[in-house]
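Coordinates in review
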Amino acid sequence: MTHKTSQKHDGKSGSAPTEQAPRQPFSVRNVLKALGPGLITGASDDDPSGIGTYSQAGAQLGYGIGWTMLLTFPLMTAIQEISARVGRVTGHGISGNVCRHYPSWLLVVVVTLLSIANTVNIAADLSAMADATKLLIGGPAILYVVLFGVASVAAQIFMNYRRYVAVLKWLTLSLFAYVAALAFAKVSWTEALAGVLLPRITWSADYFTTIVAILGTTISPYLFFWQASQEAEEQRIDASKHPLIERHYGAQREFSRIRADTITGMAFSNLIALSIIVTAAASLHAAGKTDIQTSAQAAEALRPIAGPFAEVIFALGIVGTGLLAIPVLAGATAYAVGEGRRWSVGLARKPKEAIAFYSVLALSGGIGIALNFTPIDPISALYWSAVVNGVLAVPVMVLLMFMARHKPVMGRFVIGGWLYWLGWLSTAAMALSVIAMGVGLLL
């Protein structure tokens, strides 16, 4: 019986154990199928609020800020790979491990701040998506806020998990809208390349504020929680997989998969972010349009400079990335709260099997929708959520680094070597950015 089950999981038949499965033809679908939490995490990093940050950076500072994408790529890749390894080794997300190995007050502080920041971010993303849709087809923006919010939450609760993950993967393709937008911008590729490879630092408050905003956008706590929890979720729903701390077999293969998935996701994220910066630099900065505050304003500003098609492509990208990011934000909150309380968690569970988990998810999305009906300015709210995210990222990253070296958590798979030190470098860079942000607020 065991032998037959193994054959079933391996996809083999007959009596020849060495028979190779037929090679599948290359297709986008097959490539996406081979990728997982890392791709979705990286793509969701370019949410509408992030698009606003990158557009603002390109509009204000031009090509010269492009080097930040080269800097953030190894830093965000390292910290995300460490998060994923924690989830795959232990079978629990970050909150699940904190509640088992660390003081309860620490869990309460981290989860509370994460929930607030994520919910405000959802509100700001919904606002940006609604404004972008209004640009495209007109109509009341508040109606689109409700439609996008309800649709995102309902899909998470009621769709089959595998189908839902497939939808999220396909939504990552919406980010190529920003690569397409480059075609409508008169890019000086020599200047753009120089901006990436040759840092030109301007000693001004605005310049360093922009760097802090970019770091805070690319390295966000919800991404750590989401990828760790998704690795644990993928392991839970696959009968052939177990937490590596319990069964060591196949660990190196899993770590190689995680690394390839994470590198792909983060490279994709940074490529899109760089495309947005270059488009804004070539179109908006070159035309003296430097007062961009939101992603929707960036799309609207492109019309008279780069033409209506550029505006449409940019706006469609905002909607697509929002549909990808909102589930990740709400899901990260639900996983953090649910694992911390030791509830049954997971998007693969039916609603009646994880009522509390799905209630938190729906509540996070619902409050995000409701905030758009209040006098609270979503741009101001997004600014303060970025402050909370930046402040929260540092202790979470420190905690994650200690967790990665804690034998009771990771067993024989404690993280060391260059990945460990790159994780600390990422943590130090984030800490310096928060200090710089604090100094800027005080001055």
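Conventions and cut-offs
- By convention here, each chain's residues receive numbers from 1 onward along its written sequence.
- Two thresholds apply to this predicted model, a pLDDT of at least 70 for residue-level local features and 80 or more for giving and counting side-chain atom pairs, whereas whole-chain, interface and lining totals are computed over all residues.
- Excluded from the side-chain calculation are hydrogens and water; included are all heavy atoms of the structure.
- Secondary structure elements are taken from DSSP: a helix is a run of H or I of four residues or more, a strand is a run of E of two residues or more, and numbering for both begins at the N terminus.
- Between buried and exposed lies partly exposed: a residue is buried under 20% and exposed over 50% of the maximum accessible area for its type, with that area taken using a 1.4 Å probe on protein chains only.
- Should any heavy atoms of two residues lie within 4.5 Å, those residues are considered in contact.
- All accessible areas in this document rest on Shrake-Rupley with a 1.4 Å probe, and a residue is counted as covered only by the protein chains that are shown.
- Side-chain atoms within 4.5 Å link the members of a nonpolar core, which is a set of buried Ala, Val, Leu, Ile, Met, Phe, Trp, Tyr and Cys residues.
- Each salt bridge in this description consists of a side-chain nitrogen of Lys or Arg and a carboxyl oxygen of Asp or Glu lying within 4 Å of one another.
- Every angle, taken between N-to-C directions, lies between 0 and 180 degrees, and every axis is a line fitted to C-alpha atoms, over only the stretch in contact when it is a helix.
- Here the word oblique covers every angle except those under 35 degrees (roughly parallel), over 145 (roughly antiparallel) and from 65 to 115 (roughly perpendicular).
- Handedness of a helix crossing follows the sense of rotation of the near helix relative to the far helix, less than a right angle counterclockwise being left-handed and clockwise being right-handed.
- When residues are sorted by character, Ala, Val, Leu, Ile, Met, Phe, Trp, Tyr, Cys and Pro go into the nonpolar class, Asp, Glu, Lys and Arg into the charged class, and all the rest, Gly among them, into the polar class.
- Any Phe, Tyr or Trp ring, taking Trp's six-membered ring, that has another such ring centre within 6.5 Å forms a pair; planes under 30 degrees apart are called stacked, those over 60 apart edge-to-face, and the others tilted.
- Only when the NZ atom of a Lys or the CZ atom of an Arg is both within 6 Å of the ring centre and within 35 degrees of the ring normal do we say a charge sits over the ring.
- A helix's residues, less one, multiplied by 1.5 Å, set its expected span.
- By definition, pLDDT measures how confident the predictor is in each residue, and it falls between 0 and 100.

Moving on, we get to the overall build of the protein. Check the secondary structure of the protein and you find 20 helices and zero strands. Across the 443 residues of the protein, 55% fall into the buried class. Taking the contacts inside the protein whose residues are at least 6 apart along the sequence as the reference set, 82% of them involve residues at least 24 apart. Approximately 19500 Å² of the protein is accessible, and the part contributed by carbon and sulfur atoms is 66%.

A few words now on the side chain of S83. Here S83 shows up in helix α5 (residues 67-90). Under the relative-accessibility criterion, S83 is labelled buried at 0%. Once residues lying within four places of it in the same chain are set aside, the contact partners of S83 are F224, A228 and L400.

Our next topic: the nonpolar core. With 120 residues, the main nonpolar core has I219, F314 and L347 as its most contacted residues. The greatest single-element share of this core, amounting to 16 residues, is contributed by helix α16 (residues 308-340). If we ignore the near neighbours within four places in the chain, the residues touching F314 are I51, S55, Y178, A181, I276, T279, S295, A298, A299 and L302. With eight residues, the next largest nonpolar core counts A185, A192, A281 and A282 among its residues.

Bringing the pattern of salt bridges into the picture now. Scanning the entire structure with this criterion turns up 10 salt bridges. A salt bridge links E81 to R259, with the shortest nitrogen-to-oxygen separation between them at 2.9 Å. Of this pair, E81 sits in helix α5 while R259 sits in helix α14 (residues 251-285), placing them 178 residues apart in sequence. Looking at E81, the relative accessible area reads 2%, which means it is buried. Classification of R259 by relative accessible area gives partly exposed; the value is 26%.

This part is about unusual backbone geometry. Despite not being glycine, R342 shows a phi value in the positive range, around 60°. By the secondary structure assignment, R342 is in the loop between α16 and α17 (355-371).

Across the interface, α16 lies against α17 with an axial gap of 8 Å and an inter-helix angle of 140°. Of the possible angle classes, the one that applies to α16 and α17 is oblique. Every pair of crossing elements has a handedness; the one defined by α16 and α17 is right-handed. Contacts from A330, G331, T333, A334, Y335 and V337 in α16 reach F357, V360, L361 and S364 in α17. In terms of residue class, the contact of α16 with α17 is made up of seven nonpolar, three polar and no charged.

Here we take up the packing of aromatic side chains. This model, assessed by the stated rule, comprises 10 aromatic pairs. With 5.2 Å between their ring centres and 45° between their planes, F176 and F268 make a pair best called tilted. Here F176, found in the loop between α9 (161-171) and α10 (177-181), pairs with F268, found in helix α14; they are 92 residues apart in sequence, far enough to count as distant. The partly exposed category is assigned to F176, whose relative accessible area is 38%. Judged by centre distance (6.5 Å) and plane angle (90°), the ring pair of Y420 and W424 falls under edge-to-face. Taken as a pair, Y420 and W424 lie in helix α20 (residues 417-442) at a separation of four residues, close to a single helical turn. By way of ring pairs, the aromatic residues W226, Y335, F357 and Y358 are connected into one cluster. Between R405 and the ring centre of Y420, over which it is positioned, the NZ or CZ distance is 4.6 Å.

Here F184 shows up in the loop between α10 and α11 (189-197). On the accessibility criterion, F184 (32% relative accessible area) is partly exposed. F184 sits 118 residues away from L302 along the chain, and the two C-alpha atoms are 9.4 Å apart. Residue contacts for F184: discarding those within four places in its chain leaves A306, F309, A310 and I313.

The subject of this paragraph is α17. Along its 17 residues, α17 runs 24 Å from first to last C-alpha, staying within 8% of the 24 Å computed at 1.5 Å per residue. Looking only at α17, the buried set comprises F357, Y358, V360, L361, S364, G365, G368 and I369. Against the buried residues of α17 lie α7 (104-137), α8 (141-158) and α16.

Looking at the protein, the pLDDT average stands at 85 and 89% of residues meet or exceed 70. Here helix α1 (residues 2-10) stands out as the element of the protein with the lowest mean pLDDT, 39, in contrast to α17, whose mean of 95 is the highest. Ignoring residues within four places in sequence, the model shows residues 1-21, a span with pLDDT below 50, making seven contacts including any to other chains.

Given a rise of 1.5 Å per residue, 34 residues ought to cover 50 Å, and the 49 Å separating the end C-alpha atoms of α7 matches this to within 8%. Just beyond α7, the residue with positive phi is G138, at close to 75°.

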